[in-house]
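What follows is the residue order along each chain.
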Amino acid sequence: DTGVSQNPRHKITKRGQNVTFRCDPISEHNRLYWYRQTLGQGPEFLTYFQNEAQLEKSRLLSDRFSAERPKGSFSTLEIQRTEQGDSAMYLCASSPALASWGTQYFGPGTRLLVL
Amino acid sequence: AQKVTQAQTEISVVEKEDVTLDCVYETRDTTYYLFWYKQPPSGELVFLIRRNSFDEQNEISGRYSWNFQKSTSSFNFTITASQVVDSAVYFCALCGGSQGNLIFGKGTKLSVKP
């Protein structure tokens, strides 16, 4: 099995620009999670999908954040009108189980810097 | 509310010393899971262990061992005979409820010096 992959690994953008990150989960993993990690903190949950259904999005940080998982395979996380406070590591994880407590396997993350 | 506390922000040891990383959690769920992840300087979170709330047996895997005590809501992690390659940030996490999202502590940065 290849692991979870994320692209790009690094992104530098100017304030006000839109950015999109992609996550490819381990194949056949049903659940896909997005987290944000700022310096010196643990990852913070943003949203998750079970197959193509987004089952929780109230934890997205603002309405500038949105995520999709078309066809239940890869997922994208978009941030519109970026702000300097959006600078962080964005992590994706996937889990094989339909149950909520399956082990989550993380990708290498996308590090975003907003100038 | 669910919460994970890792009171040790940074620990520094000399190679071959044993080290214990503390984790205390809060939850009202009767069924939950606890995890430990390692985050080396490269940044990728590496899964180490998953333990459910009904299994309080201690676990040993090589130089790693975990002590789960429900009575004190703790899930501590011990590395025996530490090595330089163990240097990383270690996160304890809690999973409960139907969503399955992980609630992480702030992490403990472990530095193992030769």
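Scroll up to find the structure.
Notes on the structure in this doc start here. (Residues numbered from 1 in each chain as written. Chains lettered and ligands numbered in written order. Predicted model: local features only at pLDDT ≥ 70, side-chain atom pairs only at ≥ 80, totals over all residues. Heavy atoms only, no water.)

Some points on the layout of surface pockets
Taken as a whole, the largest pocket spans an internal volume of roughly 670 Å³. At the level of elements, strand 2 (10-13), strand 9 (88-95) and strand 11 (110-114) of chain A together with strand 10 (88-96) and strand 12 (108-113) of chain B are the ones that each hand at least two residues to the lining of the largest pocket. Here the second largest pocket is characterised by a volume of approximately 260 Å³. Taken together, 15 residues form the lining of the second largest pocket, with Gly42(A), Pro43(A), Glu44(A), Phe45(A) and Phe104(B) sitting closest to its centre. (1 Å grid on protein atoms, 1.4 Å probe; cavity = no way out; pocket = protein on both sides within 12 Å on 5 of 7 lines; lining within 4 Å. Points joined across faces, edges and corners; volume = space filled by probe spheres on them. Helix = DSSP H or I, 4+ residues; strand = E, 2+ residues; numbered from the N terminus.)

Here's the deal with the state of the cysteines
Residue and element names in this part refer to chain A. What the rule picks out here adds up to two disulfides over all chains. The partner cysteine of Cys 23 in its disulfide is Cys 92, sulfur to sulfur 1.8 Å. Classification of the bridge connecting Cys 23 and Cys 92 rests on its S-S torsion, roughly -65°, and on that basis the disulfide is left-handed. Of the two residues, Cys 23 sits in strand 3 (residues 19-24) while Cys 92 sits in strand 9, which places them 69 residues apart along the sequence. (Disulfide = S-S within 2.5 Å.)

Notes on the interface of chain A and chain B
Contacts between chain A and chain B engage 23 residues on the former and 22 residues on the latter. When chain A packs against chain B, the two sides together hide about 1,800 Å² of surface, and 53% of this comes from carbon and sulfur. Together, Trp101(A), Thr103(A) and Phe106(A) form the three largest contributors to the area buried by chain A at its contact with chain B, with a combined 34%. Between the two partners, chain A and chain B, sit zero salt bridges. (Contact = heavy atoms within 4.5 Å. Buried area = accessible area lost by both parts, 1.4 Å probe. Salt bridge = Lys/Arg side-chain N within 4 Å of Asp/Glu carboxyl O.)

Quick notes on the pattern of salt bridges
Per the stated rule, a full pass over the model turns up seven salt bridges over all chains. One salt bridge connects Glu83(A) with Arg64(A), and the closest N-O pair in it is separated by 3.5 Å. In this pair, Glu83(A) sits in the loop between strand 8 (75-79) and strand 9 while Arg64(A) sits in the loop between strand 6 (53-56) and strand 7 (65-68), placing the two residues 19 residues apart along the sequence. The partly exposed category is assigned to Glu83(A), whose relative accessible area is 40%. By relative accessible area, Arg64(A) is classed as buried at 8%. With its nearest N and O atoms 2.8 Å apart, the salt bridge here joins Asp86(B) to Arg63(B). On the criterion of sequence distance, the pair formed by Asp86(B) in the loop between strand 9 (74-79) and strand 10 and Arg63(B) in the loop between strand 7 (59-61) and strand 8 (64-69) is long-range, its members being 23 residues apart. Residue Arg63(B) is classed as partly exposed on the basis of its relative accessible area of 26%. One network of salt bridges, with partners in common, ties together Arg64(A), Glu83(A) and Asp86(A). (Buried < 20%, exposed > 50% of the residue type's maximum accessible area, 1.4 Å probe, protein only.)

A word on the packing of aromatic side chains
Scanning the entire structure with this criterion turns up 25 aromatic pairs over all chains. Aromatic side chains Tyr25(B) and Tyr32(B) sit 5.2 Å apart centroid to centroid with 55° between the ring planes, which places their arrangement in the tilted category. Take Tyr32(B): its relative accessible area is 4%, and that puts it in the buried class. Ring centres of Trp66(B) and Phe77(B) lie 5.0 Å apart, and the angle between their planes is 5°; on these two criteria the pair is classed as stacked. One end of the pair, Trp66(B), is in strand 8; the other, Phe77(B), is in strand 9, and eleven residues separate them in sequence. For Trp66(B), a relative accessible area of 4% translates into the label buried. A relative accessible area of 0% means that Phe77(B) is categorised as buried. Grouped by ring-pair contacts, the aromatic residues Tyr33(A), Tyr35(A), Phe45(A), Tyr48(A), Tyr105(A), Phe106(A), Phe35(B), Tyr37(B), Phe47(B), Phe91(B) and Phe104(B) constitute a single cluster. The lysine or arginine in question, Arg22(A), covers the ring of Phe74(A), its NZ or CZ lying 3.9 Å from the ring centre. (Phe/Tyr/Trp six-rings, centres within 6.5 Å; stacked < 30°, edge-to-face > 60°. Lys NZ or Arg CZ within 6 Å of the ring centre and 35° of its normal.)

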